[in-house]
Structures are given as C-alpha cells and as structure tokens.
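Listed here are the chains, written in short residue letters.
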Amino acid sequence: MRADPLHKEKPDRLYMVTGGRGGADEPSLDSVALIVAESEPSPEMQSEHAAVLRLCARPTAVVELSAELGLPVSAVRVLLADLLDTGAVTARHPAPSTVREGPQHDPDTLKQVLLALQRL
Amino acid sequence: MLSNAFERTRPRQTWAAPGPTDRHPLAETVDSALKIVIVGGFGVGKTTMVGSISEIRPLSTEEVMTQAGTGVDDLRGVRHKRTTTAAFDFGRITVDATRVLYLFGAPGQKRFWFLWEQLFTGSLGAVVLVDTARVEDSWYAVDRLEHHGMPFVVAVNRFGPGPSLDRVRTALDLSDDVPLLECDARRRESSRDVLITLVHHLASSGRTTAKDPT
C-alpha cells in the first residue's frame, strides 16, 4: 500500500528503539504536547534521542516527531519518557480540555480559534 | 469511484519522506496546542480537507494499538503478536502567538477507533465527513462521538447530486442540535466554513453545559 518508512521497518526496530518497553506507562504525554529540547545532542546518545533533540530545537508536537522519525506515536512516547526523565527535553502540555471534564473550552480560546479560521 | 479518486490524486509519498528542508517549525512562543479530528470512512475526503486548510503540507504517520493498563509489554508484543496499525494524517493552523490548532484526519472504522483513546482525547470537537453514497460508513463514528459526549458537526462532502440534508439527518439519526452542512473538501473556504460551524457549535454547547453542570 504505502511506501513509507514505517512499512519498510521490521517490527524489531520498534523493539530496538524502545528497549522493548511499551508506551502505556506514559499516558500523560498528549499527542500534541509540545516538546522542547533543553540540551544539545551528544555523540554517545542513542541516535533516535539525538534526532529528537535536533527536531525539538523549536517546539514540536509529539505527532510531528512521530511523522518525522517514521515511528508510531507510542514508540515516540517511550523515547520521550527517557528524555523527559533526564531533563534533556521539556513538554508544554496542551490546553486542558477533555471529554469528561464538562465545560472545557474557555471562551477566549474558542474566540481566538474562530478569528484564526476567519483569517484563512 | 470519483470519491476514491479524491484521495488517490494526493502526492502522498512525498509527505512520508521526512526532511529538514520541508519542516516549518512552530514559533518559539507557542505553548499550547488544540486539536480537532476529522473522521470518516475511506475515500470520503478527510485528507483532502486537512490539506485544504492546513498551513503546512499535511504530515502522515501511524499509531499501533496498545493495551491500556498493561504498562509493560505493549511494544514488546510487536515482535510476537499481531497488532493493529492505523495511519492518519494531520495538519495545523496557527491560532496566535501562543496557540496552535492541529487538524487530524482519522479513519472512522471500528478497528481504528483506538486512535481516539490514544491520541484524540482532549479534542475540542470533531467533524464527521460523510459521503452520501455510503452514509452507513459514518454510523459508528456518530455513535461513538455521542457516547463520549464529544461535540461534533456533520459535513456532507458533495461529490455530485445526492440526497437532501434532511434525508442524511434521518439516515444518521442525528439529533436536531447537531449541525449538518454541505461542503467541498477540496476548497479551503468550504473546509474553513465547516470548522467555523464546529467552533460556533462548541461555543453554544459550552453555554448549555455551563448551565447544567453534572
């Protein structure tokens, strides 16, 4: 079907880059959390970690890292857990608004979204 | 079918090729991200809609199903167990100096619904994109969005003459307060109007919720 890096990779690569760990222990990292590098990549780093640091010189959403690295979002979350642990990156979390939290969208956010759409 | 042609004409392979030259990083000042999900069946025009309004060329990636709560061996399981993989596209619109809106195009079929739990919680709302030749493709999405209490609008991507919106509303068993409109997902203004309708709907349902806290 699609000739992208994900399909070319053997599943073993997922195992390699994540050390065989799953992503379910990092549920707090939202798919659009913005990741910012706090340090420079170093030669001894795992190559995926170094790639994350390079990509995150400016704020970069978790899903964008996934697309750029050619890895499923779950695998990226695992990589990020390591980097967050060591303080190599920080995460800016999205505006809180979840399905079950009731009245969630502050009027100012909706107004600004509306204005942005009207400018398109 | 014409509807499939919409998605097959996209230069998709180029999107999957990452390269620093293609990147359009966010401004340093951006500190929060919002999301809206465009959900629908295969070939209905989700990616077309994302592409028509995104300020970046849409990106494409995948997610694999993980089992919530196991915590240990989800990805280890990739080596031995069958997993479900779902591809999705996304684009983005800068809202202001500190906020950015991500637009996801997501498959609506039942087997891909795990994306909602893993990626789309916290979305502002959703657009259900409908092809009137295959309205039934949207039943599951409408059902789940109602179940989750996720605000949504329904947009009929017109591929030609088709049933009236009243008939679509009946076929989807939509309640009267769910906005239903026609669009042409290829056109930026039309896709934009769908999102504007959704944001108005969010603003009005927010007021309703505030009056009746649960």
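My aim in this report is to walk through the structure given alongside it, one point at a time.

The rules behind each value
- Residues numbered from 1 in each chain as written.
- Chains lettered and ligands numbered in written order.
- Predicted model: local features only at pLDDT ≥ 70, side-chain atom pairs only at ≥ 80, totals over all residues.
- Helix = DSSP H or I, 4+ residues; strand = E, 2+ residues; numbered from the N terminus.
- Contact = placed C-beta atoms within 7 Å.
- Axes fitted to C-alpha atoms, helices over the stretch in contact; angles between N-to-C directions.
- Parallel < 35°, antiparallel > 145°, perpendicular 65-115°, else oblique.
- Left-handed = near helix turned anticlockwise from the far one by under 90°.
- Nonpolar A, V, L, I, M, F, W, Y, C, P; charged D, E, K, R; others polar.
- Core = buried A, V, L, I, M, F, W, Y, C linked by C-beta atoms within 7 Å.
- Buried ≥ 20, exposed ≤ 12 C-beta atoms within 10 Å, placed from the backbone.
- Pairing = 2+ DSSP bridges.

### Remarks on the overall build of chain A
Here is step 1: A tally of regular secondary structure across chain A gives six helices and three strands.
Here is step 2: Put simply, chain A runs from its N terminus to its C terminus through helices and strands in the order α-α-β-α-β-α-α-β-α.
Here is step 3: Taking the contacts inside chain A whose residues are at least 6 apart along the sequence as the reference set, 68% of them involve residues at least 24 apart.

### Some details on the packing of helix 3 (residues 47-55) of chain A against helix 4 (residues 62-69) of chain A
All names here are of chain A.
Here is step 1: One can describe the packing of helix 3 onto helix 4 by two numbers: an axis separation of 11 Å at closest approach and a directional angle of 125 degrees. Classed by the angle they form, the pair helix 3 and helix 4 counts as oblique. In the crossing of helix 3 with helix 4, the sense of the turn from one axis to the other is right-handed. Counted together, Glu 48, Ala 51, Val 52 and Leu 55 of helix 3 and Leu 65, Glu 68 and Leu 69 of helix 4 form the full contact between these two elements.
Here is step 2: Residues belonging to the contact of helix 3 with helix 4 are distributed by class as follows: five nonpolar, no polar and two charged.

### With respect to the nonpolar core
Here is step 1: By size, the foremost hydrophobic cluster in this structure holds 77 residues, and its most contacted members are Val62(A), Ile38(B), Leu101(B), Tyr102(B), Leu103(B), Val127(B) and Val128(B).
Here is step 2: Here the element with the most residues in this core is helix 5 (residues 73-86) of chain A; it accounts for seven residues.

### A closer look at the environment of Leu80(A)
Here is step 1: Structurally, the position occupied by Leu80(A) is in helix 5.
Here is step 2: The sequence separation of Leu80(A) and Leu29(A) amounts to 51 residues, and the corresponding C-alpha distance is 8.8 Å.

### A word on the pairing of strand 2 (residues 59-64) of chain B
Residues and elements named next belong to chain B.
Here is step 1: By the criterion of burial, strand 2 is predominantly enclosed, with six of the six residues buried.
Here is step 2: The side-chain alternation of strand 2 yields two buried faces, one formed by Leu 59, Thr 61 and Glu 63 and the other by Ser 60, Glu 62 and Val 64.
Here is step 3: Summarising the sheet, strand 2 and strand 3 (residues 85-94) pair through six bridges and their orientation is antiparallel. Looking at strand 3, one finds that Glu 63 is bridged to Ala 86.

### Remarks on the packing of helix 4 of chain A against helix 5 of chain A
For any two helices packed against each other, one specifies the crossing angle of their axes together with the interaxial distance.
All names here are of chain A.
Here is step 1: The interhelical angle for the contact between helix 4 and helix 5, taken along N-to-C directions, is 105 degrees, at an axis separation of 9 Å. The orientation of helix 4 with respect to helix 5, classified from their angle, is roughly perpendicular. Note on element contacts: helix 5 touches helix 4 through Val 73, Val 76, Arg 77 and Leu 80, opposite Val 62, Val 63, Leu 65, Ser 66 and Leu 69.
Here is step 2: Taken together, the residues of the contact of helix 4 with helix 5 break down into seven nonpolar, one polar and one charged.

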